[in-house]
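What follows is each chain in one-letter form.
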Amino acid sequence: MTRQLPLRADHVGSFLRPQSVLEAREHRAADNISYEELRKVEDAAIADLVKWQEGLGLKAITDGEFRRYFFHTDFLLKLAGVEERGGLKKAFKNDAGKDVSFAPPVMVVTGKIAHQSPIQLADYQFLASQVSAPGAVPKVSIPSPTMLHFRAGRAGIPEDVYPEMDEFYADVAAAYRAEVDSLAAAGCRYIQMDDTNLAYLCDDEQRADAAKRGLDPDATTRQYAKLINDSFASAPADMLRAIHLCRGNFRSSWAAEGGYEPVAEIMFNELDIDAFFLEYDDPRSGDFAPLRFLPKGKTVVLGLVTTKLGDLETKDDIKRRIDEATKYASLDQLALSPQCGFASTVHGNDISTQQQADKIALCIEVAEEVWG
């Protein structure tokens, strides 16, 4: 069954947090307000965000990830058997030529992985209650299950808990299936998994680091495809399944570089995914040649509009790059989006809310002119 995006212009999911949410988070961290009071502030901000997205003309509507600190930790820490430990230090890079030192938290396995209770259900139900525009679809973004493995590798999974890695992967997939099932039962029909690791496996330095952690980069790509497929295995036939490959997104900086060639053939052909959100905003993303592996029935969402810089791309430049992509994949299998979220962490990227709106509007206008 071919499942289509609700619009040729889409987005990755996160948006810059409003000041009300940032302040409420600080008050909650200081124990000045309750969790329920924080959610009320988030609810009001998300209600406004939904109206804003619909007003721009978007059809895939998210809650902006306003309830999260990091795109992955808030979700993963709600699984049984997962704890947060010190990060894997990495010098994130940016267009200013300055390194930003950042150690993204590493999720460490301390017990059997299990789905204890619905994680995104209440968030989805509130989001769905606010979506009202014709053709608009609530979209839920969750971290890829690979986030529990890549950054620590076997060293982060105790052998006394999981003597065999197959048991680990089976439990992770079962936990994710339970989450997908809970969302599906509530009516959710669009889920996107955010995956930095397949993108990191396109980077020579990251591949070398992975090898030092005992990972075979090529075998790992295939294992990750199976894990993601198993995580979606019980999804209803009409659920749109998407994945976003991210090279790191922290305060307008990134962690990895390199084109998709090392993972493309396995990714496109072995992942049972409908839409691939790929970053193509600058030369570090490589060329479009890997799109030649894209089989019929799947869509690549070209992330041609950067979320890391405020300067607005031109329509002509974006159309030219779409035309370049059609040398390797047919136009009817392509769509357009910003390259990443605008705030993969609570800190947000170094752009303004107006620039954020302008970039979404640009994607929608170009999509209308290219695809009708």
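See the structure above.
Worth saying up front: this structure is predicted, and the values here are computed from it rather than measured.

Peer 1: Go over the overall build of the chain, please, and point to the residues and values.
Peer 2: Looking only at helices and strands, the chain has 11 helices and 12 strands in total. A compact globule built from 372 residues should have a C-alpha radius of gyration of about 21 Å, and the chain, at 19 Å, falls within 12% of that. When the backbone C-alpha atoms are referred to their principal axes, the chain occupies close to 55 × 50 × 45 Å. When each of the 372 residues of the chain is scored for burial, the buried share is 58%. Across the chain, contacts joining residues at least 24 apart in sequence account for 79% of those joining residues at least 6 apart. When the accessible surface of the chain is split by element, carbon and sulfur atoms take 49% of a total near 14,500 Å².

Peer 1: Tell me about the packing of aromatic side chains, and name the residues and values.
Peer 2: Within the structure shown, the criterion is met by 9 aromatic pairs. With a centroid separation of 5.1 Å and 85° between ring planes, the pair formed by Phe15 and Trp52 is classed as edge-to-face. Note that Phe15 is positioned in the segment before helix H1 (19-29) and Trp52 in helix H2 (residues 35-56), a separation of 37 residues in sequence. Aromatic side chains Tyr162 and Phe168 sit 5.7 Å apart centroid to centroid with 75° between the ring planes, which places their arrangement in the edge-to-face category. Its relative accessible area of 0% is what places Tyr162 among the buried residues. Members of the aromatic cluster, each reached through a chain of ring pairs, are Phe15, Trp52 and Phe342.

Peer 1: With reference to specific residues and values, describe the pairing of strand S11 (residues 299-305).
Peer 2: Counting buried positions along S11 gives 7 out of 7 residues, so the element sits mostly inside the fold. Here 5 bridges tie strand S10 (residues 275-279) to S11, and the two strands are oriented parallel to one another. Across the sheet, residue Glu279 finds its bridge partner in S11, namely Gly303. Both S11 and strand S12 (residues 334-338) contribute to a ladder of 5 bridges, which runs parallel. Note that in S12 the partner of Val301 across the bridge is Ala335. Regarding the hand of the β-α-β motif, the stretch spanning S11, helix H10 (residues 315-325) and S12 is right-handed.

Peer 1: Can you lay out the state of the cysteines for me, pointing to particular residues and giving the numbers?
Peer 2: Here a disulfide denotes one covalent bond, and it connects the sulfur atoms of two cysteines. For the coordinates displayed, the defined rule picks out 0 disulfides. Cys246 takes part in no disulfide bond, and the closest cysteine sulfur to it belongs to Cys340, at a distance of 3.7 Å. Note on Cys246: relative accessible area 8%, which makes it buried. Its sulfur unpaired, Cys363 is 13 Å from the next cysteine sulfur, which belongs to Cys340. Judged by its relative accessible area of 1%, Cys363 falls in the buried class.

Peer 1: With reference to specific residues and values, describe the environment of Pro236.
Peer 2: Positionally, Pro236 belongs in the loop between helix H8 (217-231) and strand S9 (240-245). Sequence separation between Pro236 and Arg189 is 47 residues, and the spatial gap between their C-alpha atoms is 8.2 Å. Those residues in contact with Pro236, other than ones at most four positions away along the chain, are Ala184, Arg189 and Arg241.

Peer 1: A description of unusual backbone geometry should follow, citing residues and the corresponding values.
Peer 2: Of note, the phi angle at Asp31 is positive, near 65°, even though the residue is not glycine. Along the chain, Asp31 falls in the loop between H1 and H2. Judged by relative accessible area, which is 59%, Asp31 ranks as exposed.

Peer 1: Residues and numbers for helix H7 (residues 204-212), please.
Peer 2: Within an α-helix, residues lying three or four positions from one another point in the same direction, as the helix has 3.6 residues per turn. All of the buried residues along H7 are Gln206, Arg207 and Ala210. Taken end-on, H7 shows its buried residues confined to a sector of 100°, consistent with a single buried face. Of the residues in H7, the exposed ones pointing more than 90 degrees away from the buried face are Asp204 and Lys212. For H7, the N-terminal cap is Asp203; the gap from its side-chain oxygen to the backbone nitrogen of Glu205 is 2.8 Å. Two residues or fewer past H7, Gly214 is found with a positive phi of approximately 90°.

Peer 1: Hey, could you go over H10 for me, with residue numbers and the actual values?
Peer 2: The set of residues buried in H10 consists of Ile318, Arg321, Ile322 and Ala325. Down the axis, H10 shows its buried residues gathered within 105° of arc, on one side only. Exposed side chains of H10 directed beyond 90 degrees from the buried face belong to Asp316 and Asp323. Contact partners of the buried residues in H10: S11, S12 and helix H11 (353-371).

Peer 1: Summarise the packing of H10 against H11; cite the residues concerned and give the values.
Peer 2: When two helices pack together, their arrangement is captured by the angle between the axes and the distance separating the axes. In the contact formed by H10 and H11, the axes pass within 11 Å of each other and the chain directions differ by 55°. Classed by the angle they form, the pair H10 and H11 counts as oblique. Crossing of H10 over H11 shows right-handed handedness. Where H10 approaches H11, its residues Lys315, Ile318, Lys319 and Ile322 are matched on the opposing element by Leu362, Glu365, Val366, Glu369, Val370 and Trp371. Classifying every residue of the contact of H10 with H11 by side-chain character gives 6 nonpolar, no polar and 4 charged.

Rules and cut-offs
- Residues numbered from 1 in each chain as written.
- Predicted model: local features only at pLDDT ≥ 70, side-chain atom pairs only at ≥ 80, totals over all residues.
- Heavy atoms only, no water.
- Helix = DSSP H or I, 4+ residues; strand = E, 2+ residues; numbered from the N terminus.
- Rg over C-alpha atoms; globule rule 2.2 N^0.38 Å.
- Buried < 20%, exposed > 50% of the residue type's maximum accessible area, 1.4 Å probe, protein only.
- Contact = heavy atoms within 4.5 Å.
- Areas by Shrake-Rupley, 256 points an atom, 1.4 Å probe, with all protein chains shown as cover.
- Phe/Tyr/Trp six-rings, centres within 6.5 Å; stacked < 30°, edge-to-face > 60°.
- Pairing = 2+ DSSP bridges.
- Right-handed = clockwise from strand over helix to strand, strands pointing away.
- Disulfide = S-S within 2.5 Å.
- Arc of directions from axis to C-beta.
- Polar contact = N/O pair within 3.5 Å; in protein donor to acceptor, adjacent residues only side chain to side chain.
- Axes fitted to C-alpha atoms, helices over the stretch in contact; angles between N-to-C directions.
- Parallel < 35°, antiparallel > 145°, perpendicular 65-115°, else oblique.
- Left-handed = near helix turned anticlockwise from the far one by under 90°.
- Nonpolar A, V, L, I, M, F, W, Y, C, P; charged D, E, K, R; others polar.

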